[in-house]
Amino acid sequence: CKTIQFKPGTSSTEISGSIAPDATECFRFATGQGQTVRMSIKSANNNTIFSILDLVDARDNYTFKSQKKTYEFIVAQLMKAAGPDTYKLTLSIK
């Protein structure tokens, strides 16, 4: 998995990419106890989702209170399309 790190003084970041029909991308981020985590994903074909391991599956938007831990999530196409789907994922931790 790729580790997501925030620029100093920021509480959110954006990740852009393109995901092939049979592919997944794995990311991880660390949080403190009781932080509010917001994730959302938009894609050109409205077909790309994220799943946070041991928490939620196949979402395009999710907000939760964190534990002190490192979370891992994958980005994938929901329904296998004929080609890749470009996406922009926003992650905010406050």
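Everything discussed here concerns the structure shown above.
Predicted, not measured: the structure shown is a model, and the values here were computed from it.

1. Examining the nonpolar core
Okay, step 1: Counting 20 residues, the largest nonpolar core has Phe29, Met39, Ile52, Phe73 and Leu89 as the members making the most contacts within it.
Okay, step 2: Of all the secondary-structure elements, those providing two or more residues to this core are β2 (12-19), β3 (24-31), β4 (36-43), β5 (48-52), β7 (61-65), β8 (69-77) and β9 (85-93).
Okay, step 3: Here this core takes 4 residues from β9, the largest share from any one element.
Okay, step 4: Those residues in contact with Phe29 that sit more than four places away from it in its chain are Ile4, Val37, Met39, Phe64, Lys69, Thr70, Tyr71, Phe73, Leu91 and Ile93.

2. Focus on unusual backbone geometry
Okay, step 1: At Asn46, a position not held by glycine, the phi torsion is positive, near 50°.
Okay, step 2: If you trace the backbone, Asn46 turns up in the loop between β4 and β5.
Okay, step 3: The backbone of Asp54 shows a phi angle near 65°, a positive value even though the residue is not glycine.
Okay, step 4: As for its position among the elements, Asp54 is in the loop between β5 and β6 (56-59).

3. What about the sheet that holds β4?
By definition, the strands of a sheet pair up through backbone hydrogen bonds, in either a parallel or an antiparallel sense.
Okay, step 1: Read from one edge of the open sheet, 4 strands run β2-β9-β4-β7, paired in antiparallel fashion. Pairing within the sheet leaves two strands with one partner each, and these edge strands are β2 and β7. In this sheet, adjacent strand axes meet at a mean angle of 15° when their direction is disregarded.
Okay, step 2: Pairing of β4 with β7 involves 5 bridges; the strand directions are antiparallel.

4. Here's the deal with the environment of Thr63
Okay, step 1: Within the secondary structure, Thr63 sits in strand β7.
Okay, step 2: Judged by relative accessible area, Thr63 falls into the partly exposed class, the value being 42%.
Okay, step 3: Contact partners of Thr63, with chain neighbours within four places excluded, come to Thr36, Val37 and Arg38.

5. Quick word on the pairing of β6
Okay, step 1: Relative to β6, β5 runs antiparallel, the two being bridged by 2 bridges. When the bridges of β6 are listed, Ile52 appears paired with Val56.
Okay, step 2: Counted between consecutive antiparallel strands, the loop separating β5 from β6 contains 3 residues, among which Asp54 sits at a positive phi close to 65°.

Procedures and definitions
Residues numbered from 1 in each chain as written. Predicted model: local features only at pLDDT ≥ 70, side-chain atom pairs only at ≥ 80, totals over all residues. Heavy atoms only, no water. Core = buried A, V, L, I, M, F, W, Y, C linked by side-chain atoms within 4.5 Å. Buried < 20%, exposed > 50% of the residue type's maximum accessible area, 1.4 Å probe, protein only. Helix = DSSP H or I, 4+ residues; strand = E, 2+ residues; numbered from the N terminus. Contact = heavy atoms within 4.5 Å. Pairing = 2+ DSSP bridges. Axes fitted to C-alpha atoms, helices over the stretch in contact; angles between N-to-C directions.

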